[in-house]
Each structure stands twice: as C-alpha cells, then as structure tokens.
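Chain by chain, the residues run as shown.
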Amino acid sequence: MNRIDKRFASLKAQGKTALIPYITAGDPAPEHTVGFMHALVESGADIIELGVPFSDPMADGPVIQKACERALAHGTRLTHLFEMVQDFRQTDTKTPVVLMGYLNPIERMGYQRFAEQAAAAGVDGVLIVDMPPEEADEIGPLMKSSGLAAIFLVAPTTSEARAATICGHGEGYLYYVSLKGVTGAATLDVDAVDRQLEPLRRLTDLPLCVGFGIRDGATAAAVGRIADGVVVGSALVNRIAEGADSPASIAPALKAVLSEMRQALDA
Amino acid sequence: MTKFSDLTRLPDARGHFGPYGGRFVSETLSFALEDLEKTYMALRDDPDFQAEFDYDLAHYVGRPSPLYHAERWSKQLGGAQIWLKREDLNHTGAHKVNNTIGQALLAKKGGKPRVIAETGAGQHGVATATVAARLGLKCEIYMGAEDVERQKLNVYRMHLLGAKVIPVESGSRTLKDAMNEALRDWVTNVDDTFYIIGTVAGPHPYPMLVRDFNAVVGREARRQSLEQIGRLPDALIACVGGGSNAMGLFYPFVEDDEVKMYGVEAGGDGVETGRHAAPLTANAPQGVLHGNRTYLMSDEGGQIADTHSISAGLDYPGVGPEHALWKDVGRVEYVAANDDKVLEAFRELTRMEGIMPALESAHAIAHAKVLAPTMRPDQHIIVNLSGRGDKDILTVARIDGVHF
C-alpha cells in the first residue's frame, strides 16, 4: 500500500478530512521549500502537493503564475524537486508527496527516467494538469510499475461517461476542480459541488478531494463536510508572495493559514 | 516510410498525427473540445453548411483569390517562374479570414454569443473581430503586450470593429502568452464562449478544422495551376509559424508526389544564434504545449524558450502537429529565413511587382529568392502571399529610422 492509500485509510478510521496544501517548489527560492513542507506538516497537512514550476501554466491564475516565475528565476527544475523530496524524506517518511504540474518538463526529461527518479526520491503520486487519461497510455504503465499513483482531475463540465473513464484510470484520490476557471479564482458554491460529487461516489471508491476556491477555515470546513479532502493552494502561495523579501516570515504565515483550516476541519 | 497518400487520412480518432497532436488540456476543457469535435464532424460533410461557408468565402471574402504570375520578378531572379497566391487580397488582408468565417459559423451553430481569440501580428484578431461584428457576437482578443506595441494599427482596427483587445503582460508578452491567457479565459467562460484558434495548433479538433477551412487556398491554387500553367507546379512555398497558411496551400497537393513543398520558418537572427522561432528547422525536441505534442523550443528543464522574429505572427515556439509529422516523413522541407533576408525580400517584391507582402509572407518570398535561381525558366513555383504588408509599414519605417 502506498503512502497515499495508507493516509486515507487512517483518516477514514479517525473520521477526519484530509488537508492537502499546495506550494510551488522553489518559491521564493529553492532552499526554502523543504522547510515549508515540514512547516505544513506541523500545522496539520495530511498530504503535500508540490508544484513543478512551468513557464506557461495555462490552468493557473496570477498567484501561481507569479510563483512559477519566482521559482524559475532561481532555475528550479524537476531534478531539484527530486532532491527536495529526498531531503524531506530524511525526517518525514510518512507524509505523502504528490507532484503537480504540466507535462512538458516531464516529457523533456523522458517518462521512464521521470518515473524512476520520482519514485526513488520518495514521491508518491503525480498529477499532470494537461494530461487527461486518454493521453496517459504511455506514461501510465511506467508510473504504475514505479509505484507512483496517477491522480486525475474531474471538473464540473466532466460528463458521466468521461468521469467513469477517469475513475477507471485514477489512483490515490480524485481531484475535483470546484469551479470553471483557473486556480485562485472566485468563491465556490458548496451546494453545487455537493451535487456534483454525488454521482462520482457511485462510480468510485477513490477519496474525493476538492480544490480551487478554498481560502480560509470557513470554506475549508464547508467543503470538508462533503469531501474526503480539501486542497488549498493560492491562499498559501499568496503568503509566500507577501514574504518573498523576508523569507523567514513565510513559514509562520503558512502555519497560521493551515492551522486555522485544520482546526476548522476538525471542529 | 509513410506513404504520402496516407497523410490525407489524419488525424486519427484521438486527434493524433503520428506521434504528434492530441488533446493535452485540463479536464474542464475536455467537454468543450468533445462537443466541438461532434459539432464539426456532423457539419463537415453537410452540404448546407458547406454551401453557407462557400457563399461567405465568395461574397464576403472575395474568393477565389488570384494566382498572379510575377513575371518581372521571375525574370530578374533568372530561374523558375514565380506565381503568387494572392491571399493578401482577401477581405481583412490575409488568409486568416478563411478560418474565422468557418469557426464563426460553428460558434453560431453551437449557440455561443461570445468569441475569443489569441493574436500575434493582429491579422487573426482582425479577422475574428470582423466576423464577430458581422454576426453580432461579443468579441475579446488576447494579444501579447509586446505585440500590441509592434502592431498598433491592427489594435486600433480591432477596436473600431467593436472588439476588446486585452494586452497580455505575462511571460514573454507575445503570441504564446496570448494563447495561455485565451485558454484561461475559455476555461472560465466555457459555457457561453467559443475559442477561435488562429492556427493549425492547439488541442484536437483545432488542427484539423483550421486546416480544413484553409484548404480552400490549395484547392484553388491547384485548379488555377492546371488552368494557367497547364500542369501542377514544381514547388510550393509558404511561411510557417503555427503553420495555417502553409497547411492550407499544401494539404490539397499532399498526394502529388511530384510537387515539392517548402515551409519557411522565422530564422530571426539566425538558427545558429538560438534567437529564432524555427522549431522544425532547428530540430527542437518533442514537447507538449497548448494542447498538442509537436516540435517545441524548450530548455533542458522543459521550460518554453523565448523566441525571436521580426514578424509577430511567426513568433511562436511550437508548430502545428501535422507539420511535425510532414517533416518526419519528408513530405515537406522546412527551412528558415533570417530577419535581414526577410526585410530584403519585403522591399524587393514591393519595388519589383508593386505588391507589399506582410513580413510573415516575406519569409516565403525570401526563400523563393533562394530557390528560383536554382531552377529552370520552364519550371514553376507557387508562393503563398498569405497577407499584405500594410500593417508592417510602421515596423519597417522604424527600421529605416523614420518615426511618425
């Protein structure tokens, strides 16, 4: 059983909702990332999504676009992410780490090399935003044989037939995109999300995690009541942006945001 | 080796051209693309739809465009006869309108009240704003901030046509960034918005449908060649950014093995300097951007490279997936023309024939200058004059040190 499945099994046993923070690796500079990951775990993260910076993040709003730019200004690339995860694993062998990003950096590295090195570094799952399951027939088996979970997105526009296909390919958890838009977009409609999760539950036993639009304890708690996990990205990356000139201030700021969400979810 | 006759049966059901193409998009857009594919596949063989499209091309665009024998210039070059396919004479001044007419009809059939587009030189933006005005559709155009500066005339033209031009400040502030922003808009407004992509790139079915709408160029040229020359031409030349005008000219000739084809990319300062926009000529590695796999200029870490070209319309790091396959199977030879040669060609055609080409099209003209003298006077080359140069007058004036 990989770390993601173990983590969800244990959360289920405790009746808890997964809290899944996202940060872009290398933002504001590569030397801070591992420290941030530990800080996130200390303040209640169950799984960490580590963003792979990309020059053309088409599905992201301005907040994560700028995070990518800061990370790339320091030359952050996939091989550095592997080093970061390896470093993180020195002291944390339990918290699952999921890489999230776009296909081109992986394509350029080569699928085989990517899958082997990611797994060897201690990565547990991979979510490639611009790779739907239909295009995953080459990388999918390589990830599977390396023990990496292939995590896919489901959107409000996903038809039931497509959802069935995605559920058939998905591993680890399903990432439900709560709204039509880019990351960091406007507020989400919890009732609408609830209605859309319902048919998915009939299609799969995979945990359903909801992202996009979760900004504070209140929204986290509202979504937490209907989902198995909540993903928070831009709200954290905003804190990193604010502290970019004084990096020492960032970890406490991240902890404050995440702790509030943890308390709200557990209340 | 792939038989060239097989090349007319692509893409496959999943939108692949051999290893290229595909539908690499975030999940939110999958539905809209499936929907567009369904709409288009139902209409492409529908006689009423084709009749409507043909009527607009004839009476609104002014087709067929002439095939003009550039006699004086041919004589000066002292080799093959050069024929110009005059897409510059279309309404709005470029081949781009063939595609926007077609896609606007699809938008109308799909009941979408709003259209968006990306644009580089502004020709596709103008062509989109034009058809939107005619159909009463709300229209917003994404354009890199650097291109807004380079192409002020087209920006104001779009404004006059009732479109809103949104300057894109992210990334390299050129065409690829405009496309990123258009995709972000589409993912947000997918319910009421049709995205009119301007080239044979993007996720399936765009490369196919943009090709089909532009193939009128090659069908006409083939017929005109038989009528005016009495046989098929020996060679075709067209510039390639995303590659829609080249695709439009080449596609109907793809099975004519005796017709050589040359796609001319933007050499910028020279392919060897790294400052160019010529992924095929430079043998850029395979990559995925904007929904399709293709030859793509990126660094070792997979970050998209900055591109350089005198022409905003060719300033793009990738290329249509069907061109990528045609390079691999050897159907088309891809070469590059550098900025200085392009400018020279721009001036030469203007002075010799009284025809001012767009800087994009001047890439094809520049290669004709190289190719024609290597051929005999009884041989024939068709060059796609994909757009007119009025929009580039300010750019050329600036290079000449003249400021208005």
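One can find the structure itself at the top, above this paragraph.
A brief report on the enclosed structure follows. Everything quoted here is computed from the prediction, not taken from an experiment.

## Some details on the overall build of chain B
Right, on to step 1. Summing up its helical and strand segments, chain B has 15 helices and 15 strands in all.
Right, on to step 2. Taking 2.2 N^0.38 as the reference for a compact globule, 404 residues should give roughly 22 Å; the C-alpha atoms of chain B span a radius of gyration of 19 Å, in line with that estimate.
Right, on to step 3. Reported as C-alpha extents along the three principal axes, the dimensions of chain B are approximately 55 × 50 × 45 Å.
Right, on to step 4. Restricting to contacts in chain B with at least 6 residues of sequence separation, those with at least 24 account for 74%.
Right, on to step 5. Here chain B contributes 43 positively and 54 negatively charged side chains, and the mean placements of these two sets differ by 3 Å.

## Description of the side chain of S43 of chain A
All names here are of chain A.
Right, on to step 1. Along the chain, S43 falls in the loop between α2 (33–42) and β2 (48–51).
Right, on to step 2. Only 2.8 Å separates the side chain of S43 from the backbone oxygen of A39, close enough to count as a polar contact.
Right, on to step 3. Every residue in contact with S43, bar those within four places of it in the chain, is listed here: K255, L258, S259 and R262.

## Concerning a negative patch on the surface
Residues and elements named next belong to chain A.
Right, on to step 1. Together, D189, D191, D194 and E198 make up a negatively charged patch on the protein surface.
Right, on to step 2. Inspection of the secondary structure puts D191 in helix α9 (residues 190–203).
Right, on to step 3. Looking at D191, the relative accessible area reads 53%, which means it is exposed.

## Digging into the side chain of D212 of chain B
Residue and element names in this part refer to chain B.
Right, on to step 1. Checked against the element boundaries, D212 lands in helix α9 (residues 206–214).
Right, on to step 2. Within the structure, the side chain of D212 is placed 2.6 Å from the side chain of Y40, a separation counted as a polar contact.
Right, on to step 3. Among the polar contacts listed, one links the side chain of D212 to the side chain of R211, at a separation of 3.0 Å.

## Description of the layout of surface pockets
A water-sized probe rolled over the atoms picks out the places where empty space is left.
All names here are of chain A.
Right, on to step 1. One number sums up the size of the largest pocket: a volume of about 430 Å³.
Right, on to step 2. Forming the walls of the largest pocket are 32 residues, and the residues nearest its centre are I64, T183, G184, F212 and S234.
Right, on to step 3. Considering only residue class, the lining of the largest pocket consists of 19 nonpolar, ten polar and three charged.
Right, on to step 4. Taken as a whole, the second largest pocket spans an internal volume of roughly 340 Å³.
Right, on to step 5. Along the wall of the second largest pocket there are 15 residues; nearest its centre are K12, D205, L206, P207 and D228.

## Regarding the packing of aromatic side chains
Aromatic ring pairs are described here by two measures, namely the spacing of the ring centres and the angle between the planes.
All names here are of chain B.
Right, on to step 1. In this structure the tally under the stated criterion is ten aromatic pairs over all chains.
Right, on to step 2. Put simply, the rings of Y40, F53 and F213 pair up and form one aromatic cluster.
Right, on to step 3. In this structure, R134 is placed above the aromatic ring of Y60, and the distance from its NZ or CZ to the ring centre is 4.3 Å.

## Topic: empty space enclosed by the protein
Residue and element names in this part refer to chain B.
Right, on to step 1. This structure, assessed with the given rule, holds four cavities of 30 Å³ or more.
Right, on to step 2. Its volume calculated, the largest cavity comes out at about 350 Å³.
Right, on to step 3. Lining the largest cavity are 30 residues, and of these H95, K96, G313, L314 and E360 lie nearest its centre.
Right, on to step 4. Elements with a minimum of two residues in the lining of the largest cavity: β5 (114–119), α5 (123–135), α8 (175–188), α11 (244–250) and α14 (359–371).
Right, on to step 5. When the residues that make up the lining of the largest cavity are grouped by side-chain class, the tally is nine nonpolar, 17 polar and four charged.
Right, on to step 6. Considering only enclosed or pocket space, the second largest cavity measures out at about 130 Å³ in volume.

## Comments concerning the pattern of salt bridges
Right, on to step 1. Overall, the coordinates contain 48 salt bridges over all chains when judged by the stated rule.
Right, on to step 2. Salt-bridge contacts for R162 of chain A lead to E27 of chain B; the nearest nitrogen and oxygen are separated by 2.8 Å. Residue R162 of chain A is found in helix α8 (residues 160–169), and its partner E27 of chain B is found in helix α1 (residues 27–43); the two belong to separate chains. With respect to burial, R162 of chain A and E27 of chain B carry one shared label: buried.
Right, on to step 3. Through salt bridges that share partners, K16, D46, R262 and D266 of chain A make up one connected network.

## Quick look at the sheet that holds β5 of chain B
Residues and elements named next belong to chain B.
Right, on to step 1. Taking strand neighbours across the sheet as the criterion, the four strands line up as β7-β6-β5-β8 in an open arrangement whose pairing is parallel. In this open sheet, the two edge strands, each paired with only one partner strand, are β7 (164–168) and β8 (193–195). Strand-to-strand twist in this sheet, taken as the mean axis angle between neighbours without regard to direction, amounts to 25°.
Right, on to step 2. Across three bridges, β5 lies against β8 in parallel orientation. Within β8, the residue paired with V115 across the bridge is F194.
Right, on to step 3. Seen against the sheet, α8 touches β5, β6 (138–144), β7 and β8 and runs at an angle of roughly 160° to β5.

## Description of helix α6 (residues 111–121) of chain A
An α-helix turns once every 3.6 residues. As a result, residues three or four positions apart point the same way.
Right, on to step 1. Buried within α6 of chain A are the following residues: Y111, F114, A115, A118 and A121 of chain A. Along α6 of chain A, the residues classed as buried sweep out an arc of 140° about the axis, all on the same side.

## Structural notes on the interface of chain B and chain A
Right, on to step 1. Opposite the 39 residues of chain B that make contact, chain A presents 36 residues.
Right, on to step 2. Contact with chain A buries area across many residues of chain B, yet E27, R184 and Q303 of chain B alone supply 23% of it, more than any other trio.
Right, on to step 3. Summed over the shared surface of chain B and chain A, the result is seven salt bridges.
Right, on to step 4. We note a salt bridge from R293 of chain B to E107 of chain A, for which the minimum N-O separation is 2.5 Å.
Right, on to step 5. On inspection of chain B and its partner chain A, the count reaches 25 residue pairs in polar contact (both at pLDDT 80 or more).
Right, on to step 6. At the level of elements, β2 (20–24), α1, α8 and β12 (286–289) of chain B are the ones that each hand at least two residues to the side of chain B that touches chain A.
Right, on to step 7. A per-element tally of the side of chain B that touches chain A places α8 of chain B first, with eight residues.
Right, on to step 8. Class assignment of the residues belonging to the side of chain B that touches chain A gives a composition of eleven nonpolar, 16 polar and twelve charged.

## Some details on the pairing of strand β10 (residues 260–270) of chain B
Both faces of the sheet carry side chains from a regular strand, because those side chains alternate between them.
Residues and elements named next belong to chain B.
Right, on to step 1. Burial analysis of β10 places nine of its eleven residues in the buried class, which makes it a mostly covered element.
Right, on to step 2. As defined by bridge partners, strand β9 (residues 235–239) adjoins β10 across five bridges and the pair is classed as parallel. Residue pairing across strands places A235 opposite K260, the latter belonging to β10.
Right, on to step 3. With α11 bridging β9 and the parallel β10, this β-α-β connection has right-handed handedness.

What counts as what
- Residues numbered from 1 in each chain as written.
- Chains lettered and ligands numbered in written order.
- Predicted model: local features only at pLDDT ≥ 70, side-chain atom pairs only at ≥ 80, totals over all residues.
- Heavy atoms only, no water.
- Helix = DSSP H or I, 4+ residues; strand = E, 2+ residues; numbered from the N terminus.
- Rg over C-alpha atoms; globule rule 2.2 N^0.38 Å.
- Contact = heavy atoms within 4.5 Å.
- Lys, Arg positive; Asp, Glu negative; His and termini not counted.
- Charge placed at Lys NZ, Arg CZ, Asp CG, Glu CD.
- Polar contact = N/O pair within 3.5 Å; in protein donor to acceptor, adjacent residues only side chain to side chain.
- Patch = residues over 30% accessible without salt bridge, like charges linked within 9 Å, V, L, I, M, F, W, Y side chains within 5 Å.
- Areas by Shrake-Rupley, 256 points an atom, 1.4 Å probe, with all protein chains shown as cover.
- Salt bridge = Lys/Arg side-chain N within 4 Å of Asp/Glu carboxyl O.
- Buried < 20%, exposed > 50% of the residue type's maximum accessible area, 1.4 Å probe, protein only.
- 1 Å grid on protein atoms, 1.4 Å probe; cavity = no way out; pocket = protein on both sides within 12 Å on 5 of 7 lines; lining within 4 Å.
- Points joined across faces, edges and corners; volume = space filled by probe spheres on them.
- Nonpolar A, V, L, I, M, F, W, Y, C, P; charged D, E, K, R; others polar.
- Phe/Tyr/Trp six-rings, centres within 6.5 Å; stacked < 30°, edge-to-face > 60°.
- Lys NZ or Arg CZ within 6 Å of the ring centre and 35° of its normal.
- Pairing = 2+ DSSP bridges.
- Axes fitted to C-alpha atoms, helices over the stretch in contact; angles between N-to-C directions.
- Arc of directions from axis to C-beta.
- Buried area = accessible area lost by both parts, 1.4 Å probe.
- Right-handed = clockwise from strand over helix to strand, strands pointing away.

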